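Overview (structure and organization)
Listed below are the residues making up each chain.
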Amino acid sequence: MSERLGLDLWMKRDDLTGFAMGGNKARKLEYILPEIVAARADVVVCCGATHSNFVRQLGAACRIHGVRCVAVVMDLPHPPGRKPTTLPPRGETGNLVLDRMLGVEIQRVPDGTWEDLFAAAELRARAERDAGRRVYEVPVGGSSAAGAYGFFEAGRELIAQSDQPFDFVVVPTSSGSTHVGLGYGLLGQPSRVVGISCDNEPDHKAELVAISEGLAQMLGRSSPLGRDAWDLREGYAGPGYGVPSPEGERANILLARTEGIFLDPIYTAKAFAGLLDLAAKREVFGRVLFWHTGGMPSVFAGWNDVASDGENRR
Ligand SMILES: *Cc1c(COP(=O)(O)O)cnc(C)c1O
């Protein structure tokens, strides 16, 4: 790929973090799980898309520690008025197979906005509390300050592992703590962290700013990095969050056939398509690191079972 793109291309393989089939959420859970254990929670309530990678890894972590994991999920959470017209597969495929093996309690709710999803999760948390249980609520994607801290540490790890700095670090961005944590971890380095937005949020950057404030506080910094600090590239999410994009699928096939490395359809394929575009425009150049955040079970979610008109072919 380096030759093909005219870059010195490197890849950080968080698809190989190992825990519960790998992915970036392992790094967040390293710091979220101690909070869950310290709170002596009976039940964790989280939310996300039906095929959430975070739910899978969180579910495994909870199970190991004897904590129930309830996941309130929607097929296509979306910003108001921006629901993708394609649908994700409806069967028990991909991450859902693993969630069941782990005993994650999946509560499906009808499609709606992200706010609808958060409200449904809040309602479930309240019901668990009313039943006398100690509840720990985890924000979507594990993007709490503790989750972001995991990627602050990941940035430090990258510095320790490389004998020279990268010009660019390219990473998929959705709930935001991966991008924000890396931004703080790589502060003072000449590296520019470029996030490729996998969401069609009207103001995705506002979410990064909110996480930045939480992480700055946790790190004891007097002032958080503001809006200008975050290089977030939009326009690569295709039909929207939670469904593949044609450009992403092409990028995935290109990388598979060039290097034997697979990407996931929801995040890393879109981010890699973004990298290909930015490299062609010479907006990204030199020594470049692509952060592979995992998501491999989504490759097997059965996308080909969904026709382009959104009807399930099964
Ligand atoms: C969650 C996830 C992301 C996005 O990370 P955020 O911290 O939510 O921005 C990227 N890739 C994969 C595979 C993920 O599961």
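Above: the structure in question.
Before going into details, it helps to say that this report is about the structure given with it. (Residues numbered from 1 in each chain as written. Predicted model: local features only at pLDDT ≥ 70, side-chain atom pairs only at ≥ 80, totals over all residues. Heavy atoms only, no water.)

Looking at the side chain of Ser 298
Under the convention used in this document: For helices the rule is a DSSP run of H or I covering at least 4 residues; for strands it is a run of E covering at least 2, with both sets numbered from the N terminus onward. Under the scheme applied here, a residue whose accessible area is under 20% of the maximum for its type counts as buried, over 50% as exposed, and between as partly exposed, the area being computed with a 1.4 Å probe on protein chains only. Note on contacts: a residue pair qualifies if any of its non-hydrogen atoms lie within 4.5 Å across the two residues.
Inspection of the secondary structure assignment puts Ser 298 in the segment after β9 (287-292). By relative accessible area, which is 1% here, Ser 298 ends up buried. Among residues more than four places away in sequence, those in contact with Ser 298 are His 51, Asn 53, Asn 95, Pro 265 and Trp 303.

Looking at the pattern of salt bridges
Let me state the cut-off plainly: A pairing counts as a salt bridge when a side-chain nitrogen of Lys or Arg comes within 4 Å of a carboxyl oxygen of Asp or Glu.
Going through the model one piece at a time under the given rule, you end up with 20 salt bridges. Of the charged contacts, one joins Asp 111 and Lys 83 as a salt bridge, the two residues approaching to 3.5 Å between their closest N and O atoms. With a gap of 28 residues between them, Asp 111 in the loop between β4 (105-108) and α5 (114-130) and Lys 83 in the loop between β3 (68-74) and α4 (95-102) connect regions that are remote in the sequence. When the shortest N-O distance is used, the salt bridge between Arg 129 and Glu 137 registers 2.9 Å. Given the relative accessible area of 38%, Arg 129 is considered partly exposed. Residue Glu 137 is classed as partly exposed on the basis of its relative accessible area of 31%. A single salt-bridge network, built from bridges that share partners, covers Arg 68, Glu 105, Arg 124, Glu 128 and Arg 133.

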